[in-house]
Amino acid sequence: GDKPEEFDGLIMFDECHKAKTVELDAQGNPTDKSSKTAQAVVELQKLLPRARVVYCSATSVSEPKNLGFMSRLGLWGAGTEH
């Protein structure tokens with residue numbers, strides 16, 4: 001629609017481990033070192049701030065930094081420890 005900030009539907013990221021190559025700057029924006037997939041996942045979540053998000057993957061995470069694209073978990077960023 002014309003107002004993406006009002007979208008409050010569901011975004012489901014299946015096979016979300018494909019966005020694991022993400023490096024964020026101090027403002028939470030993906031840097032050039034991030035994969036195109038990770039950049040798109042981060043930007044989509046910023047574009048649709050009211051959307052509900054589900055992250056799905058059967059692939060395990062080897063390092064916590066690989067969860068950086070999962071901003072909706074509320075584990076890192078402004079107002080958190082990380």
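This one's a predicted model, so the numbers in the text were calculated from it and none came from an experiment.

Now for the confidence of the model for the protein. On average, residues of the protein carry a pLDDT of 90, and 96% of them reach 70 or more. Looking at the elements of the protein, mean pLDDT is at its lowest for helix α1 (residues 36–47), recorded as 95, and at its highest for strand β1 (residues 10–14), recorded as 97.

Below, the discussion takes up the packing of aromatic side chains. All told, the structure shown has 2 aromatic pairs when counted by the stated rule. Relative to Y55, the ring of F13 has its centre 6.1 Å away and its plane inclined at 15 degrees; by these criteria the two rings are stacked. Residue F13 is located in strand β1, and its partner Y55 is located in strand β2 (residues 52–56); the two are separated by 42 residues in the primary sequence. For the pair shown, F13 and Y55 are each scored as buried. These aromatic residues form a ring-pair network of at least three members: F13, Y55 and F69.

Glancing now at the environment of K36. Mapped onto the elements, K36 comes out in helix α1. Note on K36: relative accessible area 68%, which makes it exposed.

Alternating positions in β1 separate cleanly, I11 and F13 being buried on one face and L10, M12 and D14 remaining unburied on the opposite face. With 5 bridges connecting them, β1 and β2 associate as parallel partners. Note that in β2 the partner of I11 across the bridge is V53. Note that the unit made of β1, α1 and β2 has a crossover that is right-handed.

Membership of the largest hydrophobic core comes to 14 residues, with the highest contact counts inside it found for I11, F13, C16, Y55 and F69. By residue number, the principal contributor to this core is α1, which donates 3 residues. Apart from residues no more than four positions distant in its own chain, I11 is found in contact with L44, L48, A51, R52, V53 and V54.

In terms of backbone geometry, most residues other than glycine have negative phi values and most peptide bonds are trans. Of note, the phi angle at E15 is positive, near 55 degrees, even though the residue is not glycine. Inspection of the secondary structure assignment puts E15 in the loop between β1 and α1.

Calculation rules
Residues numbered from 1 in each chain as written. Predicted model: local features only at pLDDT ≥ 70, side-chain atom pairs only at ≥ 80, totals over all residues. Heavy atoms only, no water. pLDDT = per-residue confidence, 0-100. Helix = DSSP H or I, 4+ residues; strand = E, 2+ residues; numbered from the N terminus. Phe/Tyr/Trp six-rings, centres within 6.5 Å; stacked < 30°, edge-to-face > 60°. Buried < 20%, exposed > 50% of the residue type's maximum accessible area, 1.4 Å probe, protein only. Pairing = 2+ DSSP bridges. Right-handed = clockwise from strand over helix to strand, strands pointing away. Core = buried A, V, L, I, M, F, W, Y, C linked by side-chain atoms within 4.5 Å. Contact = heavy atoms within 4.5 Å.

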